[in-house]
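Below, each chain spelled out in residue letters.
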Amino acid sequence: MMRDANVPIIWVLGGPGCGKGTQCDKIVKKYNFSHFSTGDLLRDEVASGSEKGKELQDMMRQGVLVPNETVLKLLEAAMVKALNGTVGYLIDGYPREPAQGPEFEKFIAPVDIVLYFECSNETLVARIMKRASESATVRADDNEETLKTRIATFRENTEKILVQYPNQLRRINAERAPEDIFADVEKAIDELLAKKGKK
């Protein structure tokens, strides 16, 4: 079903603190894309109190990774539901590991572009530490040691993901001001919409 829809699909990747949340908000506002984060979808399902939600809650409580097939089913259901009122899809923070991309494309539809917000490790750590210091609630994983591990894991997985999509990949320098970053994002999305005949 999603395969025939001809609706642009964009994966949004970047390390913790790269500012992808800010950019996704700007894309949604300007282009009327639907923005999905797999983490939010899982949390919503748990909050709904459904049978599936209870299963997921048990898995999360035990620290077990939710099977990718389950994540993709939730994602597809959300995409189908939004289909009539959307210009395109932003899938935030997915794929997290190299095997997930091909599964998404097999199960849902091919990805059109992969936006990758590039930032040095130093910048990521500095931004998150700043966010943590300004926040009333401190996230357990916002300390420097945990952060460095998170960033290292992210880099290792992401490099393996990006090499799978040489033609779809758009690397964006995320060390700059949000407006400058967004100018590059707009260029990538405008090209995509023109190619899809949406503009």
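In what follows, the accompanying structure is described. Not measured: the values here are computed from a predicted model.

1. Re the packing of helix α4 (residues 68-82) against helix α5 (residues 100-107)
- Where α4 meets α5, the axes come as close as 11 Å, and the angle between the chain directions of the two elements is 45 degrees. The orientation of α4 relative to α5 falls into the category oblique. Considering the relative orientation of α4 and α5, their crossing is right-handed. Residues Asn68, Leu72, Lys73, Leu75, Glu76 and Met79 of α4 touch α5, and the partners they reach there are Gln100, Glu103, Phe104 and Phe107.
- Split by residue class, the contact of α4 with α5 holds five nonpolar, two polar and three charged.

2. A few points about the packing of aromatic side chains
- The tally for this structure, following the rule as stated, stands at seven aromatic pairs.
- Relative to Tyr165, the ring of Trp11 has its centre 5.1 Å away and its plane inclined at 85 degrees; by these criteria the two rings are edge-to-face. With a gap of 154 residues between them, Trp11 in strand β1 (residues 9-14) and Tyr165 in the loop between α7 (144-162) and β5 (169-173) connect regions that are remote in the sequence. For the pair shown, Trp11 and Tyr165 are each scored as buried.
- In textbook terms, an aromatic cluster arises when at least three aromatic residues are bridged by ring pairs, as seen for Trp11, Tyr94, Phe104 and Tyr165.
- If you follow Lys26 out to its NZ or CZ, it ends over the ring of Phe182, 5.7 Å from the centre.

3. Notes on the pairing of strand β4 (residues 113-118)
- The buried count for β4 comes to five of six residues, which makes it a mostly enclosed element.
- Here β1 runs beside β4; their pairing, made up of five bridges, is parallel. Considered in β4, the bridge of Ile10 is made with Ile113.
- Pairing of β4 with β5, which is carried by five bridges, proceeds in the parallel orientation. Its bridge partner being in β5, Glu118 is matched across the sheet by Asn173.

4. As for the nonpolar core
- Counting residues in each nonpolar core, the largest one holds 33 residues, and the members touching the most others are Ile9, Phe36, Leu75, Met79, Tyr89, Ile91 and Phe104.
- Going through the elements one at a time, β1, α2 (38-48), α4, β3 (89-92), β4 and α7 are the ones with two or more residues in this core.
- When residues in this core are grouped by element, the largest group, seven residues, is from α4.
- Excluding anything up to four places from it in sequence, Leu75 contacts Phe36, Thr38, Leu41, Ile91, Phe104 and Ile108.
- If you look at the next biggest cluster of nonpolar residues, it comprises 26 residues, including Val125, Leu147, Ile172 and Ala174.

Reading the values: the criteria
Residues numbered from 1 in each chain as written. Predicted model: local features only at pLDDT ≥ 70, side-chain atom pairs only at ≥ 80, totals over all residues. Heavy atoms only, no water. Axes fitted to C-alpha atoms, helices over the stretch in contact; angles between N-to-C directions. Helix = DSSP H or I, 4+ residues; strand = E, 2+ residues; numbered from the N terminus. Parallel < 35°, antiparallel > 145°, perpendicular 65-115°, else oblique. Left-handed = near helix turned anticlockwise from the far one by under 90°. Contact = heavy atoms within 4.5 Å. Nonpolar A, V, L, I, M, F, W, Y, C, P; charged D, E, K, R; others polar. Phe/Tyr/Trp six-rings, centres within 6.5 Å; stacked < 30°, edge-to-face > 60°. Buried < 20%, exposed > 50% of the residue type's maximum accessible area, 1.4 Å probe, protein only. Lys NZ or Arg CZ within 6 Å of the ring centre and 35° of its normal. Pairing = 2+ DSSP bridges. Core = buried A, V, L, I, M, F, W, Y, C linked by side-chain atoms within 4.5 Å.

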